[in-house]
Amino acid sequence: MAAPGSEMAVAAAAGPEELVCARGRNRKAVLCQRCGSRVLLPGTAIFARRELFLPSMKKKTALVASSDPDGDVLQDHWLVDDMFSFENVGFTKDVGNIKFLICADCEIGPIGWHCLDDKKSFYVALDRVSHE
């Protein structure tokens, strides 16, 4: 069995073209980078490009407490239109009209973004998850 870190490095190195099927959906399962918990099953999300700011990866308590977080503007995401499509995801408290998506098992995040004004758009950043 390969070391967990090496599998994640390979998954992170895979570009969107290796992860997206002909129908534009995720070809592989989406996993938490930290604990390996399954976030999405294959075929449940659509590849989308949208610039979104996500604070740096932290435990949920540190994420909510941070008033001016550092982070990244990420462009490649998995778009999910129903929160019940997730296998395992948690949400932070509201930060303005945004909830950040986190791993429900280890509470690391944010792995994604959800605007409360749009009930059908949940974004998971490809750079914040691994694939299997």
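Procedures and definitions
Residues numbered from 1 in each chain as written. Predicted model: local features only at pLDDT ≥ 70, side-chain atom pairs only at ≥ 80, totals over all residues. Heavy atoms only, no water. Core = buried A, V, L, I, M, F, W, Y, C linked by side-chain atoms within 4.5 Å. Buried < 20%, exposed > 50% of the residue type's maximum accessible area, 1.4 Å probe, protein only. Helix = DSSP H or I, 4+ residues; strand = E, 2+ residues; numbered from the N terminus. Salt bridge = Lys/Arg side-chain N within 4 Å of Asp/Glu carboxyl O. Pairing = 2+ DSSP bridges.

- Per an unreviewed UniProt entry, the protein goes by the name Guanine nucleotide exchange factor MSS4 and belongs to Gekko japonicus.

## Digging into the nonpolar core
Alright, step 1. Counting 16 residues, the largest nonpolar core has Val30, Leu40, Trp78, Phe86, Leu101 and Val124 as its most contacted members.
Alright, step 2. Where this core is concerned, the elements lending two or more residues are strand E2 (38-40), strand E5 (71-80) and strand E10 (122-125).
Alright, step 3. By size, the runner-up hydrophobic cluster in this structure holds 10 residues, among which are Leu52, Leu54, Leu74 and Cys115.

## A short note on the pattern of salt bridges
Alright, step 1. For the structure shown, the criterion picks out 4 salt bridges.
Alright, step 2. In this structure, the salt-bridge partner of Asp76 is Arg49, at a minimum N-O distance of 2.6 Å. Separated by 27 residues along the polypeptide, Asp76 in strand E5 and Arg49 in strand E3 (residues 46-55) bring together distant segments of the chain.
Alright, step 3. The salt bridge involving Asp72 is made with Arg128; its shortest N-O contact spans 3.2 Å. Remark: Arg128 occurs in the loop between E10 and strand E11 (129-131) and Asp72 occurs in strand E5; sequence separation between them is 56 residues.

## Comments concerning the sheet that holds E10
Alright, step 1. An order of E3-E5-E10-E9-E7-E6 is seen for the 6 strands of this open sheet, with the pairing classed as antiparallel. Since the sheet does not close on itself, it has two edges, and those belong to E3 and strand E6 (90-91), each with one partner.
Alright, step 2. Two strands pair when backbone bridges link them, and E5 and E10 are joined in this way by 4 bridges, in the antiparallel orientation. Within E10, the residue paired with His77 across the bridge is Ala125.

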